[in-house]
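Overview (structure and organization)
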Amino acid sequence: MTPLNNMALGASADYVRRANYLPALVERLDLCQAETHRFMLVAHLFDDTMRMIDALAGIMDFDAIIGIPYSSGSDATRTKWQSCYGSIVHCPKTEDDFKETLAAAIQKSFLQCRSSGQKLVIQEVGGYVVELLHERFADQLDLVEGVVEITKQGVWRAEQLNLKVPVLHCADSELKRLEAKRCGETIVRCLDGLSRDLGNSLAGRHAAVFGAGWIGSGVAHAFRRLDVIPMVIDTDPLKVAEARLSGLQAHMSPRELDKCDLIVGAAGRLSITEQVLRQLRSGCMVASASSRRIEIDVDYLETAPSADVLPSIRAFHFQNDTGRGERQICLVNDGYPANFIPGSGSVADEIVELILGELIVLMSDITFYPYEPGIHRITPASEALCTQLWIEQRDQL
């Protein structure tokens, strides 16, 4: 019998093969060089993003590639990406630096657009660009063809504005729903790993998940598969009903939080408030599942002294309300998404590439068809095109 490790070595050439999905999608769309447009990318700088950029090389070349600070602000990321794409890559480390870097890049592209008669298309994640365009560049929005967004958070932020540009998105596409489920699994896997690093098991422990949307539900079901006892909280009665009918304990307001060893925010807004944090038992782990640092009242936590327990866990020490002793609240990844902990791994690339394919379709659409200012969802036909090709590519492996 061949040992497993020898089998793995012998089969490695087959095991690492990957469907050439993104280049195949560009070929199927029959894209050619976009001479009337310029492009900018604001993204999490992961390997799958590189594959999208490479698939678009010579067709949609980017003036600037700007990383989100909490996922892409490290020196290692900057070195790696600049070795591939040069000085167009920017990896700001702070939110303030990010905003100024983004503003400078937009202004530079606008100058180039003005002199060449082109228009700018920006692909982004999280709604940063749309807000900045309307805050600082309201008199130059005629140079913007549109913005392509991937997250619900970005769409929600755009909805708060009197939009003067089109925003195309795949944030609530069916493929994004499939990805969100896997994202929930990834978050739980990260939390399970952190718990093991602390010498604990999640099995048999209570957890509360704020938000019963796609990711929150994915987190809750993934918890249950690890024998955690999850409770879901959402203010939407339809989501609560759906959660209950899928076998989850679900409520419209939190209860028995003092039993919980884990709290996860997945509501897309501030959900783990000071009031919630005051109810938690000592040692409770608090994590975010949102695309930004918005779920947890980190400002309240930072009123207490703290110390790092692990590289990705900071423990805050609060005096008990009785004045006797203290309790410890453990914040994961400084309040940023738990699945962005360095080295934790995220959703499998072949799943993420489905969504990147939708972004390519939207970027193509916005260069070919006129869109009015406002929010425009990807069409079912485009979703089907991406999915059919993905299935064909997967079946060839």
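Residue positions are given per chain, counting from 1 as you read along its sequence in written order. Restriction of local features to residues with pLDDT of at least 70 applies here, the model being predicted, together with a cutoff of 80 or more for giving and counting side-chain atom pairs; totals for whole chains, interfaces and linings are based on all residues. Water and hydrogen atoms play no part in the side-chain values, which are based on all heavy atoms of the structure.

1. So, the overall build of the protein chain
The number of helices and strands found in the protein chain is 16 helices and 15 strands. Computation of the radius of gyration draws on C-alpha atoms, with the globule rule given as 2.2 Å multiplied by the number of residues to the power 0.38. A compact globule built from 397 residues should have a C-alpha radius of gyration of about 21 Å, and the protein chain, at 22 Å, falls within 12% of that. When its C-alpha atoms are laid out on the principal axes, the protein chain stretches across 70 × 65 × 45 Å. Sorting the 397 residues of the protein chain into buried and exposed places 52% on the buried side. Each helix corresponds to a stretch of at least 4 residues labelled H or I by DSSP, and each strand to a stretch of at least 2 residues labelled E; elements are numbered beginning at the N terminus. Between buried and exposed lies partly exposed: a residue is buried under 20% and exposed over 50% of the maximum accessible area for its type, with that area taken using a 1.4 Å probe on protein chains only.

2. Overview of the environment of Ile106
Mapped onto the elements of the fold, Ile106 is located in helix H7 (residues 95-116). Spatially, the C-alpha atoms of Ile106 and Ile122 are 9.2 Å apart, while their sequence positions differ by 16 residues. Sequence-distant contacts of Ile106, defined by excluding residues within four places in its chain, comprise Met40, Ile122, Leu132, Leu133 and Phe137. In this description, contact between two residues means that some pair of their heavy atoms is separated by no more than 4.5 Å.

3. As for the packing of helix H4 (residues 47-55) against helix H6 (residues 75-85)
To get an axis, a line is fitted to the C-alpha atoms, and for a helix only the part in contact is used. The angle between two axes follows their N-to-C directions and goes from 0 to 180 degrees. Where H4 meets H6, the closest approach of the two axes is 12 Å, and the angle between their N-to-C directions is 10°. The angle between the axes of H4 and H6 places the two elements in the roughly parallel class. The element H4 and its partner H6 pack so that their crossing is right-handed. Residues Asp47, Thr49, Met50, Ile53 and Asp54 of H4 pack against Lys80, Trp81, Cys84 and Tyr85 of H6. Each angle receives one of four descriptions, namely roughly parallel if under 35 degrees, roughly antiparallel if over 145, roughly perpendicular if within 65 to 115, and oblique otherwise. By definition, any crossing whose near helix is turned counterclockwise from its far helix by less than a right angle is left-handed, and any crossing with a clockwise turn is right-handed.

4. A closer look at the packing of aromatic side chains
Ring geometry is summarised as follows: Phe, Tyr and Trp rings, the Trp one being its six-membered ring, pair when their centres sit within 6.5 Å, and such pairs are stacked at plane angles under 30 degrees, edge-to-face over 60 and tilted between the two. Throughout the structure, instances matching the rule amount to seven aromatic pairs. Between Trp81 and Tyr85 the ring centres are 5.6 Å apart and the planes differ by 45°, which places this aromatic pair in the tilted class. Linking Trp81 with Tyr85, this pair stays in helix H6, spanning four residues, or about one helical turn. Take Trp81 and Tyr85: they sit in the same class, and that class is buried. The interplanar angle of 20° and the centroid separation of 5.1 Å between the aromatic rings of Tyr300 and Phe318 together place this pair among those described as stacked. Remark: Phe318 occurs in strand E13 (residues 313-319) and Tyr300 occurs in helix H14 (residues 298-301); sequence separation between them is 18 residues. The same class applies to Tyr300 as to Phe318, namely buried. Aromatic ring contacts, followed pair by pair, group Phe46, Tyr70, Tyr336 and Phe340 into a single cluster. Two conditions define a charge sitting above a ring: the NZ of Lys or the CZ of Arg must be within 6 Å of the ring centre, and it must be within 35 degrees of the ring normal. The lysine or arginine in question, Lys152, covers the ring of Trp214, its NZ or CZ lying 3.8 Å from the ring centre. Taking NZ or CZ as reference, Arg157 lies 5.1 Å from the ring centre of Tyr128, over its face.

5. Here's the deal with the nonpolar core
Definition used in this section: a nonpolar core is a set of buried Ala, Val, Leu, Ile, Met, Phe, Trp, Tyr and Cys residues joined via side-chain atoms within 4.5 Å. Core analysis: the biggest nonpolar cluster contains 110 residues, and Ile65, Leu102, Ile106, Leu133, Leu191, Phe223 and Val332 have the highest contact counts within it. At 11 residues, the largest contribution of residues to this core is made by helix H15 (residues 349-368). Excluding residues within four positions of it along the chain, Phe223 makes contact with Val188, Leu191, Leu202, Ala207, Val209, Val228, Pro230, Leu262 and Val264. Counting 22 residues, the second-largest nonpolar core is a separate cluster that includes Ala208, Val286, Phe316 and Leu331.

6. Observations concerning the side chain of Thr367
Looking at the secondary structure, you find Thr367 in helix H15. In this structure Thr367 comes out as buried when scored by relative accessible area, which is 18%. Side-chain atoms alone can form a polar contact between residues adjacent in sequence; in general such a contact is a pair of N or O atoms within 3.5 Å, and within protein one must be able to donate a hydrogen while the other accepts it. Within polar-contact distance, the side chain of Thr367 engages the backbone oxygen of Ser364 at 2.7 Å. Sequence-distant contacts of Thr367, that is, excluding residues within four places in its chain, are made with His37, Phe39 and Val121.

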